Structure formats: structure tokens, C-alpha cells
Amino acid sequence: MKKLGILVSGQGSNMTAILNACEQGYLQAEVEVVISSNPDAKALTKAKERKIDAISFNETTNKNPEVLDTSICEVLYEHKVDLVLLAGFMKKIGPKVLSIFEGSILNIHPSLLPKYGGQGLYGINVHRAVIGAGEKKSGATIHLVNSDYDKGTILAQKSVIVDADDTPESLAAKVLEVEHVLYVETVKKIIEGNIIL
Ligand code: GAR
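All of these numbers come straight from a predicted model, not from anything done at the bench.

This brings us to the overall build of the protein chain. Check the secondary structure of the protein chain and you find seven helices and seven strands. Reported as C-alpha extents along the three principal axes, the dimensions of the protein chain are approximately 50 × 40 × 30 Å. Here the protein chain holds 197 residues, and 49% of them are scored as buried. Relative to all contacts within the protein chain whose residues are 6 or more apart in sequence, the contacts with residues 24 or more apart total 65%. Of the roughly 9,800 Å² of accessible surface on the protein chain, a fraction of 51% belongs to carbon and sulfur atoms. Measuring between centres, the 21 positive side-chain charges of the protein chain sit 2 Å from its 24 negative side-chain charges.

A few words on the environment of Ser104. Its place among the elements puts Ser104 in the loop between α5 (95-101) and β5 (105-109). When the C-alpha positions of Ser104 and Asn125 are compared, they lie 27 Å apart, and in sequence the two are 21 residues distant. Dropping the residues within four chain positions of it, Ser104 is found in contact with Asp82, Leu83, Val84 and Leu197.

Attention now moves to the packing of aromatic side chains. For the structure on display, the rule yields zero aromatic pairs. Its end group placed over the ring of Tyr149, Lys92 keeps NZ or CZ at 5.3 Å from the ring centre.

Around the ligand, the surrounding shell holds 13 residues, and the nearest of these are Gln11, Gly12, Ser13, Gly123 and Glu179. Side-chain polar atom of Ser13 to an oxygen atom of the ligand: 2.5 Å apart, as the coordinates give it. Contact distances for the ligand include 3.2 Å between a nitrogen atom and a side-chain N or O atom of His109. Within the complex, 91% of the 450 Å² of free accessible area of the ligand lies under protein. A majority-of-atoms criterion places the ligand in the largest pocket. Residue assignment for the shell around the ligand shows that the elements contributing at least two residues are α1 (13-23), β5 and α7 (168-191). Residue composition of the shell around the ligand, grouped by class: five nonpolar, seven polar and one charged.

Counting buried positions over the eight residues of strand β6 (residues 137-144) gives seven, a clear majority of the element. Direction of pairing for β6 relative to strand β7 (residues 154-161): antiparallel, over a ladder of seven bridges. The residue bridging Ser138 from the neighbouring strand is Val160, located in β7.

Next up on the list: the sheet that holds strand β3 (residues 53-56). Taken together, the seven strands give an open sheet; going across it, the order is β3-β2-β1-β4-β5-β6-β7, and neighbouring strands pair in mixed fashion. In this open sheet, the two strands that pair with only one neighbour each are β3 and β7. Taken pair by pair, the neighbouring strands of this sheet meet at an average axis angle of 20°, ignoring direction. Examined bridge by bridge, strand β1 (residues 2-8) and strand β2 (residues 29-36) share seven bridges and lie parallel to one another. Bridge pairing in β2 places Leu7 opposite Ile35. The strands touched by helix α4 (residues 65-78) are β1, β2, β3 and β4 (83-86); relative to β2, the strand with the most contacts, the crossing angle is about 160°.

Pairing of β2 with β3, which is carried by four bridges, proceeds in the parallel orientation. Bridge pairing in β3 links Ile35 to Ile55. For the segment spanning β2, helix α2 (residues 42-49) and β3, crossover handedness is right-handed.

Further remarks concern the pattern of salt bridges. Overall, the coordinates contain seven salt bridges when judged by the stated rule. When salt bridges that share partners are traced, they join Asp163, Asp166 and Lys174 into one network.

Reading the values: the criteria
- Residues numbered from 1 in each chain as written.
- Predicted model: local features only at pLDDT ≥ 70, side-chain atom pairs only at ≥ 80, totals over all residues.
- Heavy atoms only, no water.
- Helix = DSSP H or I, 4+ residues; strand = E, 2+ residues; numbered from the N terminus.
- Buried < 20%, exposed > 50% of the residue type's maximum accessible area, 1.4 Å probe, protein only.
- Contact = heavy atoms within 4.5 Å.
- Areas by Shrake-Rupley, 256 points an atom, 1.4 Å probe, with all protein chains shown as cover.
- Lys, Arg positive; Asp, Glu negative; His and termini not counted.
- Charge placed at Lys NZ, Arg CZ, Asp CG, Glu CD.
- Phe/Tyr/Trp six-rings, centres within 6.5 Å; stacked < 30°, edge-to-face > 60°.
- Lys NZ or Arg CZ within 6 Å of the ring centre and 35° of its normal.
- Near = heavy atom within 4 Å.
- Polar contact = N/O pair within 3.5 Å; in protein donor to acceptor, adjacent residues only side chain to side chain.
- 1 Å grid on protein atoms, 1.4 Å probe; cavity = no way out; pocket = protein on both sides within 12 Å on 5 of 7 lines; lining within 4 Å.
- Sits in = over half its atoms within 2 Å of the grid points.
- Nonpolar A, V, L, I, M, F, W, Y, C, P; charged D, E, K, R; others polar.
- Pairing = 2+ DSSP bridges.
- Axes fitted to C-alpha atoms, helices over the stretch in contact; angles between N-to-C directions.
- Right-handed = clockwise from strand over helix to strand, strands pointing away.
- Salt bridge = Lys/Arg side-chain N within 4 Å of Asp/Glu carboxyl O.

The following block contains the structure:
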């Protein structure tokens, strides 16, 4: 069984998809810990309801990138995590976490990277930018995390059609649906050795 650590900041629908797949035995993995940068994240409540070790950091920790980096690193290390999954985590991964876990950290991003990635492009901002640019196609990307925002090796992508009447919100919902499947399938391929990190 692979040990997973999931990092979240928001509603945690990708986290839930991973948790469900583990519970149903579809993934030979166990979520050891959920870490949130946001103490009010819905994802935290959902993880606690499922009796997962769920840890959140407060404003003071969050405001100091070095302290946040060390705190995340310690928690992941203590839980002996094999794979770190960023699932709507809105903070930058620091050098300490990278020094131990680089190559085993995955992120899901709501666009077809390298398009619409980088600092400031996250969550609904991505979908606003995609619609603003008149794109006919968008999607989701799973990539390895390194020290550059959204620049690590791309492991998987899936596209969706952007319809003429799509709003950022409707596009976000469409992309999320694809994300849930893509994340589970990519983690499965990694666990089963069909993607080598
Ligand atoms: C997802 O769309 C994810 O791709 C995006 O935030 C959303 C989180 O949803 N992540 C980023 O923008 C990171 N750059 P969730 O909390 O329901 O999983």
C-alpha cells in the first residue's frame, strides 16, 4: 500500500475523488494525512469526517514561507508519505519539501499546461483567462512539482470543449469533472508502475 499525503486549500473535490478510490480499493493506497493551508477549508472538515489525520496551518505559519515549508515537510515526513498530491493547494511548495519529496509530488492544474499556468493563474482565474482569450478548448493537467510554478514534467492531460455560452464557473465545473477521473487514473498508473516517476 502506498502512503499518500494530500495538500489542499479549498473544497477538496479532488481529495474526495482520491479518498473514494482508496476506500473502494481501486487505488492500492491509503491517505495518511491531509494538510491544509487554510484552516477554514471545506476539505479539512471532509477529511476529518472520514477520520483522516487532517492538519491545518494558521495565518502566522502561512505568512512565513520558511516556517510553512518546514511545517509541511515535518508532517509529510512523520507520516512516511510515498506520494504527495496537491489538490487545489494554493501555496508554493518550498525548498525543504522539494529536497525530500521532489519527484514524488504531483499537482493538478485546471488548464492545458503550458497554457494558462504560472503565478496568479489558479482556480477560477484560469477559467476567466481561458474564456477571455476565446479559447475553444481547455482541460486539466497533472504534472510533477518543482521550484517553478506549473512547470514540472507533464504526466497526463485531458481536454474539454469550451462552449460559446460557457462562463468561468460552468467551465470550472466541466474541468473539475475531468480532473477527478484524471487524478485517480494517473495515481493508479504510478502505483501500478505504468508511469515511472
Ligand atoms: C481544481 O480545479 C484544481 O485544478 C485547481 O483548484 C481546484 C481545486 O478544486 N488548482 C489550481 O488552480 C492550482 N494551480 P478542489 O478543491 O475541489 O479539488
